[in-house]
Amino acid sequence: MSITSIELRGRDLAIIPPAEWEERTQYQLFTRLFGRYLSPRILARIEPDTRSEFLRTQPSHFNAIKQALIQQKTPFHLGFTERPRLPFVTKLGMEPRPYQRDAVTAWRQASSAGVVVLPTGAGKTF
């Protein structure tokens with residue numbers, strides 16, 4: 001039985017299809033792995049690794065990818081220990097200052113590009 005592996009490699013989530021699927025086009029591979037169960041927004045964020053035969057994406061897409069594989073009935077193995085979700089909804093307990101809100105708005109309008117320059121203690125981390 002062919003099994004897809006999901007691993008964490010550096011800062012990326014690696015999706016490693018079975019070796020016998022190597023000759024498929026990217027479209028065929030995505031269709032076989034996820035069917036119609038993965039959103040086009042996330043599919044657009046999955047790219048082939050330039051050095052090896054695997055796909056890479058951001059770890060934040062893990063739950064959606066896992067659900068799509070399950071729905072498509074694609075067997076897979078996790079190469080890491082999955083942490084359970086928190087049993088409660090997290091909520092930020094702080095309100096940003098107006099200049100912080102302005103900085104985030106400008107950053108989003110620039111497609112998440114740019115650098116925020118503020119002095120120490122001005123709230124860049126928040």
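Given the structure is predicted, the values throughout are model-derived calculations rather than measurements. (Residues numbered from 1 in each chain as written. Predicted model: local features only at pLDDT ≥ 70, side-chain atom pairs only at ≥ 80, totals over all residues. Heavy atoms only, no water.)

It is worth spelling out helix 1 (residues 26-34) at this point. By the burial criterion, the buried members of helix 1 are Leu 29, Phe 30, Leu 33 and Phe 34. The buried residues of helix 1 occupy an angular sector of 95° when projected down its axis, which confines them to one face. Contact partners of the buried residues in helix 1: strand 1 (4-9), strand 2 (12-16), helix 2 (40-43), strand 4 (55-57) and helix 3 (62-72). Phi turns positive, to about 55°, at Gly 35, one or two residues after helix 1. (Buried < 20%, exposed > 50% of the residue type's maximum accessible area, 1.4 Å probe, protein only. Helix = DSSP H or I, 4+ residues; strand = E, 2+ residues; numbered from the N terminus. Arc of directions from axis to C-beta. Contact = heavy atoms within 4.5 Å.)

Turning our eyes to something else, we now look at the sheet that holds strand 1. Reading across the sheet, the five strands line up as 3-4-2-1-5 and stay open at both edges, with mixed pairing between neighbours. Every other strand in the sheet has two partners, leaving strand 3 (47-48) and strand 5 (76-78) as the edge strands with one partner each. By the bridge criterion, two bridges tie strand 3 to strand 4 in an arrangement that is antiparallel. Following the sheet pairing, Pro 48 is matched in strand 4 by Leu 55. Sheet strands touched by helix 1: strand 1, strand 2, strand 3 and strand 4. Its angle to strand 4, the strand with the most contacts, is close to 70°. Here helix 3 sits on the sheet in contact with strand 1, strand 2, strand 4 and strand 5, set at roughly 150° to strand 5. (Pairing = 2+ DSSP bridges. Axes fitted to C-alpha atoms, helices over the stretch in contact; angles between N-to-C directions.)

All quantities given are derived from atomic positions and should not be read as evidence of function.
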